[in-house]
Amino acid sequence: MDFDPNQFIARNVRAIPRSGIRDFFDIVQGMKDVISLGVGEPDFVTPWHIREAAIYALERGKTTYTSNLGLLKLREAIAVSVEKHFHAAYDPKREILIAVGVSEAMDIAFRALIDPGDEVIYHEPCYVSYSPGISLAHGVPVAVACHAGNNFSVTAEAIEKVITPRSKVLVLNFPTNPTGGTMGRAELQKIADLVRRHNLLVMTDEIYSELTFEGEHVSIAAVPGMKARTIFLHGFSKAYAMTGFRIGYACGPAEIIEAMMRIHQYSMLCASIISQEAALEAIQHGEADTIKMREQYQLRRNFIVHAFNQMGMPCHLPRGSFYAFPCIRPTGLSSKEFALRLLESEKVACVPGSAFGPSGEGYLRCCFATALDKIEDACGRIGRFVQTI
Ligand SMILES: Cc1ncc(COP(=O)(O)O)c(C=O)c1O
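Residues numbered from 1 in each chain as written. Predicted model: local features only at pLDDT ≥ 70, side-chain atom pairs only at ≥ 80, totals over all residues. Heavy atoms only, no water.

S.K.: Lay out the site of the ligand in plain terms, naming residues and giving numbers.
M.R.: Near the ligand there are 13 residues, and of these Ser103, Asp205, Tyr208, Ser237 and Lys238 occur at the shortest range. The side chain of Asp205 places a nitrogen or oxygen atom 2.6 Å from a nitrogen atom of the ligand. In the complex, the protein chains occlude 93% of the 400 Å² of accessible area that the ligand would expose alone. The leading source of residues in the shell around the ligand is helix α5 (residues 101-113), at 3 residues. (Near = heavy atom within 4 Å. Polar contact = N/O pair within 3.5 Å; in protein donor to acceptor, adjacent residues only side chain to side chain. Areas by Shrake-Rupley, 256 points an atom, 1.4 Å probe, with all protein chains shown as cover. Helix = DSSP H or I, 4+ residues; strand = E, 2+ residues; numbered from the N terminus.)

Okay, here's the thing in structure tokens:
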């Protein structure tokens, strides 16, 4: 009898699809001279003083485990930074956990909170991990579809429509991957009222907050009364160009941080001490680097958005993050067809909007964390491709 290893794979794992981004980039691998506007990571190398801090940590023999919660001095520095920039005060000893990226922080938060059948609401198009992360924790993902007519903003009214007695957690992500949407204080206040009325918990992923180009970034954790029912997630990957260091963190009520820590201690144990030392340098002395990178992203954003609109692919101005999300509907192609044919004919890699949920169909995600001359070249190629359709 043939042996089928698939029979041993858990049902909920079998049910989750491969990430639409990864699938696409398997095709890109092995192709030559591709300009990638695909994977969402800064093209900058981590600033030297941060890399040097990692090297210096190694030189000093910092090669051990840390506390499960992470280095206390890093948690203390995070508390100072979060209070300064997000206006929410957390106790570094009990209310902050350092994880292996926001990815791990989010995963253990879902696992710490969700009982089988609990519903977790999120706005879509969204980061590819939310729905699978919820399913892997045996929860039920509930998407609130957002639309271009409204700049892909989510409203309290739209969220309220999907609330049921099983709703437990609301996931927010501003600035948003993939749309670049941001959220002002007034709408956040309405969402906060709704959350309190329906006794929900908020998980807010603010990994792109430093990359806000217009207006002030406001965290729901700072809305009066919300800190107690919010898990604030943030990390070093985007603001400091530190994706490979894999450091993120969660701030929240001590009881929930303790519950997350119990999962973390048996799975990850702790984040790498070398990366934590580098993160300390970043959070204490890296602000000027972030500002410089943001200025570059803003120039690139202005160029790429203008270029898409010129090509007849309407593109709203992303107010944060490093993604443009042009509409490709005028071409008559599906987002996957568009991305595949663009890659084949002009060797430009972008991610089909459908990778971010059904409401992303008709759009393309183009990451502008790429050098301006490459973006110019890519836009020339995309323009040529559009002429051939
Ligand atoms: C919205 C969002 N959250 C979380 C992550 C994961 O970040 P990290 O590198 O900290 O795991 C990403 C990465 O692209 C993201 O876009």
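Still more ground to cover, so stick around.
S.K.: How would you summarise the sheet that holds strand β3 (residues 119-124) if you had to cite specific residues and measurements?
M.R.: Taking strand neighbours across the sheet as the criterion, the 7 strands line up as β2-β8-β7-β6-β5-β3-β4 in an open arrangement whose pairing is mixed. Only two strands of the sheet have a single neighbouring strand rather than two, namely β2 (96-99) and β4 (140-145). Along the sheet, successive strands turn relative to each other by an average axial angle of 20°, direction set aside. Here strand β5 (residues 167-173) runs beside strand β6 (residues 201-205); their pairing, made up of 5 bridges, is parallel. Bridging across to β6, Val171 finds its partner in Met203. Relative to the sheet, helix α9 (residues 254-267) contacts β2, β6, β7 (230-235) and β8 (248-251), its axis offset from that of β2 by approximately 30°. (Pairing = 2+ DSSP bridges. Axes fitted to C-alpha atoms, helices over the stretch in contact; angles between N-to-C directions. Contact = heavy atoms within 4.5 Å.)

S.K.: So what's going on with the pairing of β7? Residues and values would help.
M.R.: Counted residue by residue, β7 has 6 buried out of 6 residues, so it is predominantly covered. Burial along β7 is two-sided: the face carrying Thr230, Phe232 and His234 and the face carrying Ile231, Leu233 and Gly235 are both buried. Here β6 runs beside β7; their pairing, made up of 4 bridges, is parallel. When the sheet's bridge partners are listed, Asp205 is paired in β7 with Leu233. Where β7 meets β8, 4 bridges bridge the pair, whose relative direction is antiparallel. Residue His234 lies in a different strand from β8, and its bridge partner there is Tyr249. (Buried < 20%, exposed > 50% of the residue type's maximum accessible area, 1.4 Å probe, protein only.)

S.K.: Now, about the pattern of salt bridges: what can you tell me, with residues and values included?
M.R.: Think of it this way: side chains of opposite charge can pair up when their charged atoms draw near. In total, this model carries 18 salt bridges according to the counting rule given. Among the ionic pairs, Arg300 bridges to Asp43, the shortest N-O distance being 3.1 Å. Taken as a pair, Arg300 in helix α11 (residues 287-310) and Asp43 in the loop between β1 (35-36) and α3 (48-59) lie far apart in primary sequence, 257 residues in all. The class for Arg300 is buried, based on a relative accessible area of 5%. (Salt bridge = Lys/Arg side-chain N within 4 Å of Asp/Glu carboxyl O.)

S.K.: Describe unusual backbone geometry, and please don't skip the residues or the numbers.
M.R.: Cis geometry is found at the peptide bond from Glu124 to Pro125, where omega equals 10°. Position of Pro125 relative to the elements: it lies in the loop between β3 and α6 (130-136). Here the bond from Phe174 into Pro175 is cis, since omega is -15°, no more than 30 degrees from zero. For Pro175, the position within the fold is in the loop between β5 and α8 (185-197). For Asn199, which is not glycine, the phi torsion reads 50° and is therefore positive. Position of Asn199 among the secondary structure elements: in the loop between α8 and β6. When its relative accessible area of 58% is taken as the criterion, Asn199 is described as exposed. If you check the backbone angles, Leu269 has positive phi at about 75° while not being a glycine. Relative to the helices and strands, Leu269 resides in the loop between α9 and α10 (273-285).

S.K.: So what's going on with empty space enclosed by the protein? Which residues, and what values?
M.R.: Taken as a whole and judged by the stated rule, the model has 1 cavity of 30 Å³ or more. Roughly 40 Å³ of internal volume is contained in the largest cavity. Lining the largest cavity, in full, are Leu172, Phe174, Leu188, Thr204, Glu206, His217, Val218, Ser219 and Ile220. Here the residues of the lining of the largest cavity are counted per class, giving 5 nonpolar, 3 polar and 1 charged. (1 Å grid on protein atoms, 1.4 Å probe; cavity = no way out; pocket = protein on both sides within 12 Å on 5 of 7 lines; lining within 4 Å. Points joined across faces, edges and corners; volume = space filled by probe spheres on them. Nonpolar A, V, L, I, M, F, W, Y, C, P; charged D, E, K, R; others polar.)

S.K.: Lay out the packing of aromatic side chains with the relevant residues and their values.
M.R.: Per the counting criterion, the structure on display carries 16 aromatic pairs. Residues Phe152 and Phe325 carry aromatic rings whose centres are separated by 5.4 Å and whose planes lie at 75° to one another, so their mutual orientation is edge-to-face. Within this pair, whereas Phe152 is found in the loop between β4 and α7 (156-162), its partner Phe325 is found in the loop between β9 (323-324) and α12 (335-346), the two being separated by 173 residues in sequence. Of the residues examined, Phe152 reaches a relative accessible area of 5% and is grouped as buried. Look at Phe325 and you get buried, because its relative accessible area is 1%. Taken together, the ring pairs in this structure connect Phe44, Tyr208, Tyr297, Phe322 and Tyr323 into an aromatic cluster. When the ring centre of Tyr90 is taken as reference, the NZ or CZ atom of Lys227 above it lies at 4.9 Å. (Phe/Tyr/Trp six-rings, centres within 6.5 Å; stacked < 30°, edge-to-face > 60°. Lys NZ or Arg CZ within 6 Å of the ring centre and 35° of its normal.)

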